[in-house]
Amino acid sequence: MTTDPLSAAALAELRQAELARREERRIARESGAIPALRARRRDGLARRAEPIGGGIPDGHEPTPAHVEPTPRMSLSARATAALERAAAEAGNISFVDLALVRAGRAADPEAALSEDVFTLLSDTTPLSALRHLVELAACGLPVLGENQRTRAEAICSGRLPAPAVDPDEVDAWQLHLEAVEAFGHATLSTAAWQRLVECLPLPVVDDLIDRGSLQRHSATHTWPTQSHRVRYVTARLSPDHLDDAELEALDWEDEECRRILGSGGGVHAIDGQHDQWSLRSALLAGDVSVLDDAEAFPDHMPEGLADLVSSLQEVRRGGPVGRQLGQDRSLFGILEDCLPGGILVSGRTDFHYWAGTRRMHRLLDDVHWALACAPDRLQEAVRATTQQALAVRNEESRGMAGKADREARAVQAYLCFLDAGPNDKDRFDRGIGLLEDVLKRGGSRRGGVDGEERRHMASLSELLHSLRRASKPQAVVNPYLALCVENASTEWRQGWRDLRGQAAPEQLEYVNGAKDRVQRIETARRLGREPETVYVLPLNERFLWVPGVRNQELQPDPQPLERRTGASSEEERQWTAEEAAREIIGLCAAGSRNDR
């Protein structure tokens, strides 16, 4: 049997209408507008069971019971649609009909509906709830007070006012305004920054530091409350203001090791394995052998330290000292330790002039030792010293190059007299000429020398002139140097005893003669007399000192603590907005209950 399509469509429409009617009556039963089904059935049975005498009089039909229409609050289509969107997000589709029915039966329908709305939105996030409340308020529902509505609209639109500078009360709204201002690089009071540091999620505080909003000038170390979080922020902004106990509380090992090196202490390798700090410590102590064991190096080093170690390894293998390294005065001592022993120091950087001059004076000490103890090795020692002197000679008159050139001239002149015979006038003149060439130039502006160094060179020149006239080229012109000690050293007696034990018998007269000269010089000084002139070397002792310059790779400045939190989540970034929304909703919900 077939069914007419038109009849089938009509039947379907009737079914839908019936289902809608049943749903409406179900809602009415749940709201109490009409009795439940079982109650009506019991009433019907009771009426059928009544005795005949109590029944309906003959000739009268029963009057059907009058059912009052279900009271229902009336809303505009816009408000109803807004309410339905809120119910959909809360997952309660049937809320609208039920709420409108309950509101219709209440003495104050709007207040009743508002209370139901707050209950509905309590299961959603505060920001989502606040957006729905703003929309409902725009439709005319009294869900937000005037002041709270202004705040709610500002949060939802993002057009926030500036925070109060000195608020009487600090609530979630004030904190949210301060947080937004902070991310906008605004200037905030110290009290506002303290609140943000203590209250915001720590990843968000780290975001403010990374963005440059919270900076060193905030002086977090001066804040009255020094909590663990404040100390962490201080470590990220100005670590030099933390004391050792605070470093330990933060478990900040890198800064602790940096301070140990800065105070002259040492950091040791663990089980032969270096970290970046023990490697720095070894190099600062002059233990360049650590460069030979690459397997003991840490797996990860700062880029600058790794580059420096690689360059030092190349020098230690005999490679050249590049210009960048050679001009870095903070590395002079370590570079000198890395140079292979016995090589000629030759180059045109400040390091080469400095290290070459130092080596030249050490070789001159070998010359004096050979004079006293090994005459057969004297010429070899003189030749090595002369070669090194020639290597540092240059045409510059200023800076370290000029100082090295003058030191080399003074040593060469000294060797000319030390190695000349009584009638070797050419060597005498050549030695004196090495000094006079500088003195004739005049002051430093004209390529000469000024001040104490000029007076020193003039004194040496006069001494050599006097020796030339007296034909005493091999006289002991500096007895301190002859005893293998520094000029005017108080250790000359120990030097004399050491040489006397090593010198050949024929050289004892030379050694004892140097000792006698020193004694005459010291006696004259004690008596206040002018001591005899000696050939004082070096010309400028300070030039030979290891520069007291701190290298930034080996002894770095305090570095801010690296961030210890991960990237902030959206929830953490919206925390102040959520709290402000929760505060607004709570105040409005409490007001709605009070109105009821």
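Residues numbered from 1 in each chain as written. Predicted model: local features only at pLDDT ≥ 70, side-chain atom pairs only at ≥ 80, totals over all residues. Heavy atoms only, no water.

Student: Looking at this structure, how should I read the overall build of the protein?
Tutor: Helix and strand content of the protein: 27 helices and zero strands. Evaluated residue by residue, the protein yields a buried proportion of 43% over its 596 residues. The long-range fraction of contacts in the protein, counting pairs at least 24 apart against all pairs at least 6 apart in sequence, stands at 59%. For the protein, the accessible area works out to roughly 33,100 Å², and carbon and sulfur atoms hold 49% of it. (Helix = DSSP H or I, 4+ residues; strand = E, 2+ residues; numbered from the N terminus. Buried < 20%, exposed > 50% of the residue type's maximum accessible area, 1.4 Å probe, protein only. Contact = heavy atoms within 4.5 Å. Areas by Shrake-Rupley, 256 points an atom, 1.4 Å probe, with all protein chains shown as cover.)

Student: I would appreciate a short explanation of the packing of aromatic side chains in the present structure.
Tutor: One pair of aromatic rings is described through two measures. These are the centre distance and the angle between the planes. Applying the stated criterion to the full structure yields five aromatic pairs. Centre to centre, the rings of F351 and W354 are 6.3 Å apart; their planes meet at 40°, and the pair counts as tilted. Linking F351 with W354, this pair stays in helix α18 (residues 350–373), spanning three residues, or about one helical turn. One aromatic cluster is present, formed by F332, F351 and W354 through successive ring pairs. The side chain of R500 reaches across the aromatic face of W496, ending 4.2 Å from its centre. Its end group placed over the ring of W496, K515 keeps NZ or CZ at 4.9 Å from the ring centre. (Phe/Tyr/Trp six-rings, centres within 6.5 Å; stacked < 30°, edge-to-face > 60°. Lys NZ or Arg CZ within 6 Å of the ring centre and 35° of its normal.)

Student: What should I look at first to understand the environment of S122 in this one?
Tutor: Its place among the elements puts S122 in the loop between α5 (109–121) and α6 (126–138). Between the C-alpha atom of S122 and that of A90, which follows or precedes it by 32 residues, the distance is 8.5 Å. Among the polar contacts listed, one links the side chain of S122 to the backbone oxygen of T119, at a separation of 2.6 Å. (Polar contact = N/O pair within 3.5 Å; in protein donor to acceptor, adjacent residues only side chain to side chain.)

Student: Would you mind showing me how to read the pattern of salt bridges here?
Tutor: It is possible for side chains of opposite charge to pair when their charged atoms get near one another. Scanning the entire structure with this criterion turns up 31 salt bridges. In this structure, R358 engages E336 in a salt bridge whose closest nitrogen and oxygen atoms are separated by 2.8 Å. Remark: E336 occurs in helix α17 (residues 332–338) and R358 occurs in helix α18; sequence separation between them is 22 residues. One salt bridge connects E336 with R362, and the closest N-O pair in it is separated by 3.4 Å. With E336 in helix α17 and R362 in helix α18, this pair connects stretches of sequence that are 26 residues apart. For E336, a relative accessible area of 14% corresponds to the buried category. (Salt bridge = Lys/Arg side-chain N within 4 Å of Asp/Glu carboxyl O.)

Student: Teacher, can you tell me more about a negative patch on the surface here?
Tutor: A cluster of acidic residues, E248, D251, E253, D254 and E562, forms a negative patch on the protein surface. With respect to the helices and strands, E253 occurs in helix α13 (residues 253–262). (Patch = residues over 30% accessible without salt bridge, like charges linked within 9 Å, V, L, I, M, F, W, Y side chains within 5 Å. Lys, Arg positive; Asp, Glu negative; His and termini not counted. Charge placed at Lys NZ, Arg CZ, Asp CG, Glu CD.)

Student: Would you mind showing me how to read unusual backbone geometry here?
Tutor: Generally, phi is negative for residues other than glycine and the peptide bonds are trans, each holding for most cases. The omega torsion across L537 and P538 is 0°, close enough to zero to call that bond cis. Relative to the helices and strands, P538 is located in the loop between α25 (508–526) and α26 (570–573). Phi is positive for D271, close to 55°, though the residue is something other than glycine. For D271, the position within the fold is in the loop between α13 and α14 (276–284). With a phi angle near 65°, A488 is a residue other than glycine that sits in the positive phi range.

Student: So what exactly am I meant to see when it comes to helix α22 (residues 451–470) here?
Tutor: Because each turn of an α-helix spans 3.6 residues, side chains separated by three or four positions end up pointing in the same direction. If you check α22, its first and last C-alpha atoms are 29 Å apart, about what 20 residues at 1.5 Å a residue would give, namely 28 Å. When we look at burial in α22, the residues that qualify are E453, H456, M457, L460, S461, L463, L464 and L467. Buried positions in α22, seen along its axis, are confined to an arc of 160° and lie on one side of it. Structural note: α22 exposes R455, E462 and R469 on the side pointing more than 90 degrees away from its buried face. Buried-residue contacts for α22 involve α20 (399–418) and α21 (425–439). (Expected span 1.5 Å × (residues − 1). Arc of directions from axis to C-beta.)

Student: Explain helix α15 (residues 303–316) to me, please; I cannot follow it from the model alone.
Tutor: Its 14 residues give α15 an end-to-end C-alpha distance of 20 Å, which sits within 8% of 20 Å, the value for a rise of 1.5 Å per residue. All buried positions along α15 are accounted for by L305, L308, V309, L312, Q313 and V315. Buried residues along α15 cover an arc of 160° about the axis, so they all sit on one side. The inward-facing, buried residues of α15 abut α14, α16 (323–326) and α17.

Student: Any chance you could explain a positive patch on the surface here in plain terms?
Tutor: Residues R493, R497, R500 and R526 make up a contiguous surface patch of positive charge. Ranked by residue count, the leading element in the positive patch is helix α24 (residues 492–502), at three residues. Take R493: it is sitting in helix α24.

Student: What is the right way to read the confidence of the model for the protein from this model?
Tutor: Regions with low pLDDT carry predicted coordinates that are not meant to be interpreted in detail. This prediction gives the protein a mean pLDDT of 88; 88% of its residues lie at or above 70. In this model residues 45–57 is a low-confidence stretch, pLDDT under 50, and it forms one contact with partners more than four residues away in sequence or in other chains. (pLDDT = per-residue confidence, 0-100.)

Student: Explanation requested: the packing of helix α4 (residues 95–105) against α5 in the structure shown.
Tutor: Relative orientation and spacing of two packed helices are given, respectively, by the angle between their axes and the distance between those axes. Running from N to C, α4 and α5 point in directions that differ by 145°, and their axes come no closer than 8 Å. The two elements α4 and α5 cross, and the hand of that crossing is right-handed. Note on element contacts: α5 touches α4 through P109, A112, L113, D116, V117 and L120, opposite F95, A99, L100, R102 and A103. In terms of residue class, the contact of α4 with α5 is made up of nine nonpolar, no polar and two charged. (Axes fitted to C-alpha atoms, helices over the stretch in contact; angles between N-to-C directions. Left-handed = near helix turned anticlockwise from the far one by under 90°. Nonpolar A, V, L, I, M, F, W, Y, C, P; charged D, E, K, R; others polar.)

Student: Looking at this structure, I do not really get the side chain of E407. What am I missing?
Tutor: Structurally, the position occupied by E407 is in helix α20. Buried within the structure, E407 lacks any salt-bridge partner; its nearest side chain of opposite charge belongs to R406, at an N-O separation of 7.5 Å. A distance of 2.7 Å separates the side chain of E407 from the backbone nitrogen of N540, its partner in a polar contact. In this view, E407 contacts T357, M360, H361, P538, L539, N540 and F543; residues no more than four positions away in its chain are not counted.

Student: Please clarify how the side chain of S213 should be interpreted in this entry.
Tutor: Examined against the element boundaries, S213 turns out to sit in the loop between α10 (202–210) and α11 (228–237). Residue class for S213 comes out buried when judged on its relative accessible area of 11%. Polar contacts involving the side chain of S213 include one to the main-chain carbonyl oxygen of A182, which spans 3.1 Å. Of the polar contacts made by the side chain of S213, one reaches the side chain of H185; its length is 3.5 Å. Contacts of S213, omitting those with residues within four sequence positions, involve A182, F183, H185, W193 and L208.

Student: What is the right way to read the packing of α18 against helix α19 (residues 378–392) from this model?
Tutor: Interaxial distance between α18 and α19 falls to 8 Å at its minimum, and their mutual angle equals 165°. On the basis of their axis angle, the class for α18 and α19 is roughly antiparallel. Classified by chirality, the crossing of α19 by α18 is left-handed. Along its contact with α18, which presents H352, Y353, G356, T357, R359, M360, L363, L364, D366, V367, A370 and L371, the element α19 presents L378, A381, V382, A384, T385, Q388, A389 and V392. For the contact of α18 with α19, the class distribution of residues is 13 nonpolar, five polar and two charged. (Parallel < 35°, antiparallel > 145°, perpendicular 65-115°, else oblique.)

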